[in-house]
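Chain residues, written in single-letter form:
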Amino acid sequence: CMATFLKPFPAVLASLSKSDAQKVIMINLGDFDAKNLPPKEKTSIDGIRLAFHKKDIDKAFETAYKIKELGFKLYFQPMVTKNYKDIEFLSIIEKTNELNPYAFYIVDSFGSMTLDEFHKYLVLAQNNLNNSISLGYHSHNNMQLAFSNAISMCSQNFKREIIIDSSIYGIGRGAGNLNTELIADYLNNTHEKDYDTLPLLDIIDELL
């Protein structure tokens, strides 16, 4: 996020290519035909995030396999996760295990997932998703729950990599997303991480 504020897009990709950062693009199912994607080796992109609605599950898996065949890391994101009943969520996890993406997401599209609801989906995913698959959380902040849910996720004893989406100052659709500066500071103070938050605060002061 920081780089996109400060540099033209080609310069961003050039600078990221010299770092360990992964370059990932997002596709909303239906907005772009995966048949038009080039093979990964012909791009500077490492992965693709495929976001889809419950009604489009079959098409989502079909598209997901095509993305993997092209060589991209696949981030699989069922939007509005709370619309899935427990048995439906377990069913999609079972199919996801067969797909074997890089990451599977819990997505709070409307920012209305309570801590208890979020914990339920965390437990279902943790106990049934293959350990080799990363577990992600994409939040919106309509009810100011993004930060508390993210803290809850960080406190779990996971046996896998976790991914927590955030944006500087919480900038995002509607009520926005989890604040990068807040979750980074929390991880520094609570989980002995070493994220440099000063550049994030500089961006907020200078550009927002």
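Structural data are supplied above this passage.
This report concerns the structure included in the present document. (Residues numbered from 1 in each chain as written. Predicted model: local features only at pLDDT ≥ 70, side-chain atom pairs only at ≥ 80, totals over all residues. Heavy atoms only, no water.)

Structural notes on the sheet that holds strand β4 (residues 103-108)
With respect to topology, 6 strands assemble into an open sheet ordered β1-β2-β3-β4-β5-β6, the strand pairing being parallel. Either end of the sheet is taken by a strand with one partner, and the two such strands are β1 (24-28) and β6 (162-164). Across the sheet, the mean angle from the axis of one strand to that of its neighbour is 20 degrees, orientation sign disregarded. Note that strand β3 (residues 73-78) and β4 share 2 bridges and pair parallel. The residue bridging Tyr75 from the neighbouring strand is Ala103, located in β4. (Pairing = 2+ DSSP bridges. Helix = DSSP H or I, 4+ residues; strand = E, 2+ residues; numbered from the N terminus. Axes fitted to C-alpha atoms, helices over the stretch in contact; angles between N-to-C directions.)

A closer look at the pairing of strand β2 (residues 47-52)
Along β2, 6 of the 6 residues are buried, which leaves the element largely enclosed by surrounding structure. Sheet topology places β1 next to β2; 5 bridges connect them, and they run parallel. What sits directly across from Met26, in β2, is Arg49. Each parallel crossover has a hand, and for β2 linked through helix α3 (residues 57-69) to β3 it is right-handed. (Buried < 20%, exposed > 50% of the residue type's maximum accessible area, 1.4 Å probe, protein only. Right-handed = clockwise from strand over helix to strand, strands pointing away.)

Thoughts on the nonpolar core
With 42 residues, the main nonpolar core has Phe76, Phe89, Ile92, Phe104 and Leu135 as its most contacted residues. The contacts of Ile92, once residues within four sequence positions are left out, are Phe52, Ile57, Phe61, Pro78, Tyr84 and Phe104. In terms of nonpolar packing, the next biggest core, distinct from the first, is built from 8 residues, Ala51, Tyr75, Met79 and Val80 among them. (Core = buried A, V, L, I, M, F, W, Y, C linked by side-chain atoms within 4.5 Å. Contact = heavy atoms within 4.5 Å.)

Considerations on a nonpolar patch on the surface
Together, Tyr169, Ile171, Leu207 and Leu208 make up a nonpolar patch on the protein surface, roughly 380 Å² of accessible area in all. Inspection of the secondary structure puts Tyr169 in the loop between β6 and α7 (180-190). (Patch = residues over 30% accessible without salt bridge, like charges linked within 9 Å, V, L, I, M, F, W, Y side chains within 5 Å. Areas by Shrake-Rupley, 256 points an atom, 1.4 Å probe, with all protein chains shown as cover. Salt bridge = Lys/Arg side-chain N within 4 Å of Asp/Glu carboxyl O.)

Things to note about helix α4 (residues 86-99)
Between the first and last C-alpha of α4 there are 20 Å, a value that for 14 residues agrees with the 20 Å anticipated at 1.5 Å per step. Residues of α4 that are buried include every one of Phe89, Ile92, Ile93, Thr96, Asn97 and Leu99, and no others. Projected down its long axis, α4 carries its buried residues within an arc of 150 degrees, all on one side. Away from its buried face, by an angle of more than 90 degrees, α4 presents the exposed residues Ile87, Glu94 and Glu98. Positive backbone phi, approximately 55 degrees, marks Asn100, located one or two places after α4. (Expected span 1.5 Å × (residues − 1). Arc of directions from axis to C-beta.)

What about the environment of Gln144?
Mapped onto the secondary structure, Gln144 falls in the loop between β5 (134-139) and α6 (146-154). The class of Gln144 is exposed, set by a relative accessible area of 59%. Put simply, Gln144 and Ser112 are 32 residues apart on the chain and 8.8 Å apart in space, counted from C-alpha to C-alpha.

Geometry only, nothing functional implied.
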